[in-house]
Amino acid sequence: MSTKLPNTDHYNATPAQIMAMLSDPEYATTKYTELGDVAFTVKNHEATDGGLNVTVDREVAANLPDMAKKVLGETTKMEQTEVWRADGDAFVGNMVMKSSSPVAITATNTIKPAGDGADWTVEFDIKASVPLIGGKIEKMVAEETKSSLVKEFAFNQNWLANH
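Described in the following lines is the structure provided in the data block. (Residues numbered from 1 in each chain as written. Predicted model: local features only at pLDDT ≥ 70, side-chain atom pairs only at ≥ 80, totals over all residues. Heavy atoms only, no water.)

So, the environment of Q80
Here comes step 1: Position of Q80 among the secondary structure elements: in strand β4 (residues 75–87).
Here comes step 2: Along the sequence, Q80 and D57 sit 23 residues apart, while their C-alpha atoms lie 6.3 Å from each other.
Here comes step 3: Beyond its immediate sequence surroundings of up to four residues, Q80 is in contact with Y32, V54, T55, V56, R58, M95, V96 and M97.
Here comes step 4: Here Y32 takes part through its side chain, which lies 3.3 Å from a polar atom of the side chain of Q80. (Helix = DSSP H or I, 4+ residues; strand = E, 2+ residues; numbered from the N terminus. Contact = heavy atoms within 4.5 Å. Polar contact = N/O pair within 3.5 Å; in protein donor to acceptor, adjacent residues only side chain to side chain.)

Quick word on the pairing of strand β1 (residues 3–11)
Here comes step 1: The side-chain alternation of β1 yields one buried face, formed by T3, L5, N7, D9 and Y11, and one unburied face, formed by K4, P6, T8 and H10.
Here comes step 2: When β1 meets strand β7 (residues 117–128), the two strands line up antiparallel, connected through nine bridges. For P6, the partnering residue across the bridge sits in β7 and is E123. (Buried < 20%, exposed > 50% of the residue type's maximum accessible area, 1.4 Å probe, protein only. Pairing = 2+ DSSP bridges.)

Some points on the environment of E138
Here comes step 1: Structurally, E138 is set in helix α4 (residues 134–162).
Here comes step 2: The sequence separation of E138 and V103 amounts to 35 residues, and the corresponding C-alpha distance is 7.8 Å.
Here comes step 3: Not counting residues within four places of it along the chain, the set of residues in contact with E138 comprises M1, S2, T3, I126, K127 and A128.

Rendered as structure tokens:
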């Protein structure tokens, strides 16, 4: 089994404006710095015809209870790959996070027009391959992921307002 985490944020920007933000190479560098990654390297940031491919090596602090840190460590190293494509006036992205821990995360993103802007919906699938406590670790990772989404939404809103 795995833990599902759906999230939708409403932006006062069009899907095209949000994709332009994601396509700006400075965006990724600034975002991971502002969100507090321990270390990161943008390995690939390539705009494609109507889409975007991004690969980032990241090291993030494990802001988790001590029980989870005993299994996952104080930090987690991961390779995060995102592949985005246009879908009419919307954009769809698939994300895969391969990490140094026994936790695997995949997500499907959709940015579509909604009212005066756009809704960005992401559906995470979090799987911890740890006997007996995998489900508990998945829930802890889901809570930390939700907290990170709140910070990323605030960062994105600020970026869109100032660029």
